[in-house]
Amino acid sequence: QVQPVESGGGLVQPGGSLSLSCAASGFTFSNYAMSWYRLAPGKERELVADITSAGGNPNYADSVKGRFTIYRDNTKNTLYLQMNSLEPEDTAVYLCYARRSGSCMGYWGQGTQVTVSS
(Lines give C-alpha, C1' and ligand atoms only; values in the text may rest on other atoms or scores of the structure.)
Protein backbone atom coordinates (compact mmCIF):
# COMPACT_ATOMS: atom_id res chain seq x y z
CA GLN A 1 0.00 0.00 0.00
CA VAL A 2 1.93 2.97 -1.34
CA GLN A 3 -0.84 5.56 -1.59
CA PRO A 4 -0.69 8.73 0.53
CA VAL A 5 -3.89 9.40 2.46
CA GLU A 6 -5.33 12.90 2.81
CA SER A 7 -7.63 14.08 5.57
CA GLY A 8 -9.05 17.30 6.98
CA GLY A 9 -11.32 18.43 4.18
CA GLY A 10 -14.82 19.66 4.77
CA LEU A 11 -17.24 22.55 4.51
CA VAL A 12 -16.12 25.97 5.68
CA GLN A 13 -17.49 29.49 5.33
CA PRO A 14 -15.65 32.15 3.34
CA GLY A 15 -12.92 33.67 5.46
CA GLY A 16 -12.56 30.51 7.50
CA SER A 17 -9.67 28.10 7.89
CA LEU A 18 -8.93 24.44 7.35
CA SER A 19 -5.88 22.29 7.90
CA LEU A 20 -5.22 19.35 5.60
CA SER A 21 -2.96 16.40 6.33
CA CYS A 22 -1.37 13.84 4.06
CA ALA A 23 -0.09 10.70 5.77
CA ALA A 24 2.50 8.67 3.91
CA SER A 25 3.42 5.03 4.27
CA GLY A 26 5.01 2.30 2.22
CA PHE A 27 7.89 4.46 1.02
CA THR A 28 10.68 6.54 2.48
CA PHE A 29 8.88 9.82 3.07
CA SER A 30 12.04 11.83 3.67
CA ASN A 31 13.29 11.00 0.16
CA TYR A 32 10.28 12.60 -1.51
CA ALA A 33 9.40 16.14 -2.36
CA MET A 34 5.73 16.74 -1.58
CA SER A 35 3.06 18.79 -3.29
CA TRP A 36 -0.55 19.79 -2.86
CA TYR A 37 -2.68 19.94 -5.99
CA ARG A 38 -6.32 20.78 -6.39
CA LEU A 39 -8.90 19.84 -8.98
CA ALA A 40 -12.23 21.57 -9.48
CA PRO A 41 -14.93 20.51 -11.96
CA GLY A 42 -14.26 21.86 -15.43
CA LYS A 43 -10.81 23.13 -14.51
CA GLU A 44 -7.28 21.94 -15.02
CA ARG A 45 -5.40 20.36 -12.17
CA GLU A 46 -3.56 23.15 -10.36
CA LEU A 47 -0.39 23.03 -8.31
CA VAL A 48 -1.18 24.74 -5.02
CA ALA A 49 2.10 24.38 -3.15
CA ASP A 50 5.17 22.21 -2.93
CA ILE A 51 8.11 21.64 -0.65
CA THR A 52 11.43 19.84 -0.83
CA SER A 53 12.11 16.51 0.83
CA ALA A 54 13.92 18.29 3.67
CA GLY A 55 11.16 20.85 4.18
CA GLY A 56 12.83 23.76 2.44
CA ASN A 57 11.99 26.06 -0.47
CA PRO A 58 8.20 26.20 -0.09
CA ASN A 59 6.52 27.33 -3.27
CA TYR A 60 2.96 28.60 -3.73
CA ALA A 61 0.56 29.38 -6.50
CA ASP A 62 -0.08 33.11 -6.78
CA SER A 63 -3.73 32.52 -5.98
CA VAL A 64 -2.96 31.18 -2.49
CA LYS A 65 0.24 33.01 -1.59
CA GLY A 66 -0.04 34.67 1.79
CA ARG A 67 -3.06 32.57 2.76
CA PHE A 68 -1.80 28.97 2.64
CA THR A 69 1.21 27.39 4.33
CA ILE A 70 2.75 24.07 3.36
CA TYR A 71 4.93 22.22 5.83
CA ARG A 72 5.96 18.71 6.70
CA ASP A 73 7.05 16.66 9.68
CA ASN A 74 9.40 13.94 8.53
CA THR A 75 9.35 12.31 11.98
CA LYS A 76 5.62 11.70 11.49
CA ASN A 77 5.71 11.00 7.73
CA THR A 78 3.08 13.67 7.28
CA LEU A 79 2.55 16.64 4.99
CA TYR A 80 0.29 19.55 5.97
CA LEU A 81 -1.49 22.43 4.31
CA GLN A 82 -2.80 25.21 6.53
CA MET A 83 -5.42 27.21 4.65
CA ASN A 84 -6.57 30.58 5.95
CA SER A 85 -8.88 33.25 4.56
CA LEU A 86 -10.60 30.69 2.37
CA GLU A 87 -12.62 31.84 -0.61
CA PRO A 88 -15.26 30.06 -2.70
CA GLU A 89 -12.70 29.82 -5.50
CA ASP A 90 -10.68 27.49 -3.27
CA THR A 91 -13.40 24.84 -3.53
CA ALA A 92 -11.85 21.70 -5.01
CA VAL A 93 -10.61 18.22 -4.34
CA TYR A 94 -7.18 18.57 -2.79
CA LEU A 95 -4.64 15.87 -3.52
CA CYS A 96 -1.17 15.29 -2.21
CA TYR A 97 1.58 14.04 -4.47
CA ALA A 98 4.84 12.44 -3.39
CA ARG A 99 7.63 12.81 -5.93
CA ARG A 100 10.93 11.05 -5.52
CA SER A 101 13.69 13.65 -5.38
CA GLY A 102 15.48 13.91 -8.70
CA SER A 103 12.87 11.77 -10.43
CA CYS A 104 9.46 11.94 -12.06
CA MET A 105 8.40 8.85 -10.11
CA GLY A 106 5.65 9.61 -7.64
CA TYR A 107 2.47 8.60 -5.81
CA TRP A 108 -0.92 10.29 -5.69
CA GLY A 109 -3.31 10.39 -2.79
CA GLN A 110 -7.04 9.83 -3.25
CA GLY A 111 -7.98 13.42 -2.48
CA THR A 112 -10.07 15.23 0.11
CA GLN A 113 -12.94 17.58 -0.68
CA VAL A 114 -12.77 21.20 0.42
CA THR A 115 -15.93 23.25 -0.01
CA VAL A 116 -15.99 26.97 0.78
CA SER A 117 -19.53 28.28 0.88
CA SER A 118 -21.86 30.32 3.02
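Residues numbered from 1 in each chain as written. Predicted model: local features only at pLDDT ≥ 70, side-chain atom pairs only at ≥ 80, totals over all residues. Heavy atoms only, no water.

Draft legend 1. Just the overall build of the chain, in detail. Each helix and strand in the chain was counted, giving zero helices and eleven strands. Reported as C-alpha extents along the three principal axes, the dimensions of the chain are approximately 40 × 25 × 25 Å. Of the roughly 6100 Å² of accessible surface on the chain, 48% is carried by carbon and sulfur atoms. Averaging the positions of the 9 positive and the 9 negative side-chain charges in the chain gives two centres separated by 7 Å. (Helix = DSSP H or I, 4+ residues; strand = E, 2+ residues; numbered from the N terminus. Areas by Shrake-Rupley, 256 points an atom, 1.4 Å probe, with all protein chains shown as cover. Lys, Arg positive; Asp, Glu negative; His and termini not counted. Charge placed at Lys NZ, Arg CZ, Asp CG, Glu CD.)

Draft legend 2. The nonpolar core, seen in detail. Counting residues in hydrophobic clusters, the biggest one holds 29 residues, and the most contacted among them are W36, L79, L81, M83 and Y94. Contributing elements (two or more residues each) for this core: strand 3 (18-23), strand 4 (32-39), strand 5 (46-51), strand 7 (68-73), strand 8 (78-83), strand 9 (92-100) and strand 11 (112-116). Broken down by element, this core gets its largest block of residues, four residues, from strand 9. (Core = buried A, V, L, I, M, F, W, Y, C linked by side-chain atoms within 4.5 Å. Buried < 20%, exposed > 50% of the residue type's maximum accessible area, 1.4 Å probe, protein only.)

Draft legend 3. The pattern of salt bridges, seen in detail. A complete count under the given rule lists four salt bridges for this structure. Residue R38 pairs with E46 through a salt bridge whose shortest N-O separation is 2.8 Å. Here R38 falls in the buried class, since its relative accessible area comes to 7%. E46 gets classed as partly exposed once you look at its relative accessible area, which sits at 27%. K65 is the salt-bridge partner of D62, the closest N and O atoms lying 3.6 Å from each other. Like D62, the residue K65 is exposed in the burial classification. (Salt bridge = Lys/Arg side-chain N within 4 Å of Asp/Glu carboxyl O.)

Draft legend 4. Focus on the sheet that holds strand 8. Pairing is antiparallel in the open sheet, where four strands are placed in the order 1-3-8-7. Each end of this open sheet is capped by a strand with a single partner; those strands are strand 1 (5-7) and strand 7. Each strand of the sheet is rotated relative to its neighbour by a mean of 15 degrees, with strand direction disregarded. Where strand 3 meets strand 8, six bridges bridge the pair, whose relative direction is antiparallel. Bridged to L18 within strand 8 is M83. (Pairing = 2+ DSSP bridges. Axes fitted to C-alpha atoms, helices over the stretch in contact; angles between N-to-C directions.)

Draft legend 5. Geometry of the packing of aromatic side chains. The final tally for this structure, using the stated rule, is seven aromatic pairs. A ring pair is formed by Y71 and Y80, whose centres lie 4.8 Å apart and whose planes are at 15 degrees; its orientation type is stacked. Residue classification places Y80 among the buried positions, given a relative accessible area of 16%. Clustering of aromatic rings is evident, with ring pairs tying together F27, Y32 and Y107. Its end group placed over the ring of Y37, R45 keeps NZ or CZ at 5.5 Å from the ring centre. (Phe/Tyr/Trp six-rings, centres within 6.5 Å; stacked < 30°, edge-to-face > 60°. Lys NZ or Arg CZ within 6 Å of the ring centre and 35° of its normal.)

Draft legend 6. Here's a closer look at the state of the cysteines. Under the definition given, this model contains one disulfide. In this structure C104 is a free cysteine whose sulfur lies 18 Å from that of C96, the closest cysteine sulfur available. (Disulfide = S-S within 2.5 Å.)

Draft legend 7. Expanded view of the side chain of T78. With respect to the helices and strands, T78 occurs in strand 8. Of note is the side chain of T78, whose polar atom sits 2.8 Å from the backbone oxygen of K76. In contact with T78, not counting residues within four places along its chain, are S21, C22, A23, F29, R72 and D73. (Polar contact = N/O pair within 3.5 Å; in protein donor to acceptor, adjacent residues only side chain to side chain. Contact = heavy atoms within 4.5 Å.)

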